[in-house]
Amino acid sequence: MSDTFPLQDNMAMAFGTPVVAYRWPDSESLNSTLQALILEKEQTSAGIDRSNAGAWHSRIDLFDWDADCVRTLKSRVEKAAAGLTQAVTVSPPDQPRVFRYHCEGWANITRHGGYNKLHNHPNSQWSGVYYVTAGEPDRAWEDNGKLELIDPRTGINMVVLKDSLIDGRYIVEPIPGLMVIFPSWLKHLVHPFYGTGDRISIAFNVIVTEDA
């Protein structure tokens, strides 16, 4: 009898929550253009209040802005959402399923002391964030300005195995060019940002519909 247990072919990650974190290459020029556009929009709009506290939140029409940088980002969101949707759905090999993707987005500018309260995003399948700039965080604060996704499993914090698939925390460092996508029902927050400069991000929802 082999001493090796055939785990790979006999284990399922039941009730797993898919999270994608991908840093798009060659994003410096795109981010610079997005930064200038968003800072300009801030000057002409008071913004709206949602989960943001002490931070500017644009109206939820960013993907309608007439700018090439916005169109490029929207294309990236659609590509990532399509890949994630295909990865989690079952499709007959002889009849691939066809999905359509409607995106809505908004810009966030967070400065010293700003944060986002615990929330989720109803009425969509996927939500996410794209980081344009990170600002200059004070490294004395461990979770400074970081995104935290809240584990939906009741009682997961009763037993902690750090840096594992059963760890109870998923924390994201804001890095320019990084895109994070997760199910919209997943609760999340952004820890207070302490430091200088602007932390600019673009949040989005993706509504998925399937062709009949």
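Cut-offs used in this document
Residues numbered from 1 in each chain as written. Predicted model: local features only at pLDDT ≥ 70, side-chain atom pairs only at ≥ 80, totals over all residues. Heavy atoms only, no water. Helix = DSSP H or I, 4+ residues; strand = E, 2+ residues; numbered from the N terminus. Expected span 1.5 Å × (residues − 1). Buried < 20%, exposed > 50% of the residue type's maximum accessible area, 1.4 Å probe, protein only. Arc of directions from axis to C-beta. Core = buried A, V, L, I, M, F, W, Y, C linked by side-chain atoms within 4.5 Å. Contact = heavy atoms within 4.5 Å. Axes fitted to C-alpha atoms, helices over the stretch in contact; angles between N-to-C directions. Parallel < 35°, antiparallel > 145°, perpendicular 65-115°, else oblique. Left-handed = near helix turned anticlockwise from the far one by under 90°. Nonpolar A, V, L, I, M, F, W, Y, C, P; charged D, E, K, R; others polar. Salt bridge = Lys/Arg side-chain N within 4 Å of Asp/Glu carboxyl O.

Trainee: Help me out: how do you make sense of helix α2 (residues 68–88) in this one?
Mentor: The end-to-end C-alpha distance of α2, which contains 21 residues, comes to 31 Å, matching closely the 30 Å that a straight helix rising 1.5 Å per residue would cover. Listed in full, the buried residues belonging to α2 are Cys69, Val70, Leu73, Arg76, Val77, Ala81, Leu84 and Thr85. The arc enclosing the buried residues of α2, seen along the axis, measures out at 160°, which places them on a common side. Those residues of α2 that are exposed and aimed more than 90 degrees away from the buried face are Asp68 and Lys79.

Trainee: I'm lost on the nonpolar core in this one. Help?
Mentor: Grouped burial of nonpolar side chains is what soluble globular proteins tend to show. Grouped together as the largest cluster of nonpolar side chains are 31 residues, with contacts concentrated most on Leu34, Val70 and Val206. The set of elements that each furnish at least two residues to this core consists of α1 (28–44), α2, β3 (99–119), β4 (126–131), β8 (178–183) and β11 (199–210). No other element matches α2, which puts six residues into this core. For leucine 34, the residues in contact, after removing those within four places along its chain, are Cys69, Val70, Leu73, Tyr130, Val132 and Ile202. Listed in part, the ten residues of the second largest apolar core include Tyr131, Val172, Phe182 and Val190.

Trainee: For this particular structure, what's the right way to read the packing of α1 against α2?
Mentor: Packed helices, taken two at a time, are described by their axes: the angle between them and the distance between them. α2 packs onto α1 with a crossing angle of 120° between their chain directions and a minimal axis gap of 9 Å. Comparing their axes, α2 and α1 come out oblique. Crossing hand, α1 versus α2: left-handed. Listed contacts from α2 to Leu30, Thr33, Leu34 and Leu37 of α1 are Cys69, Val70, Thr72, Leu73 and Arg76. Its residues assigned to classes, the contact of α1 with α2 comprises six nonpolar, two polar and one charged.

Trainee: Help me understand the pattern of salt bridges in this model?
Mentor: It is possible for side chains of opposite charge to pair when their charged atoms get near one another. Applying the stated rule across the entire model yields nine salt bridges. Across the pair arginine 139 and glutamate 173 runs a salt bridge whose closest N-O atoms are separated by 3.1 Å. Within this pair, whereas arginine 139 is found in the loop between β5 (136–137) and β6 (147–150), its partner glutamate 173 is found in the loop between β7 (169–172) and β8, the two being separated by 34 residues in sequence. Relative accessible area serves as the criterion here: at 62%, arginine 139 is assigned to the exposed category. The salt bridge partner of arginine 153 is aspartate 151, with a shortest N-O separation of 2.5 Å. Linked through salt bridges whose partners overlap, the residues forming this network are Glu42, Arg111 and Asp198.

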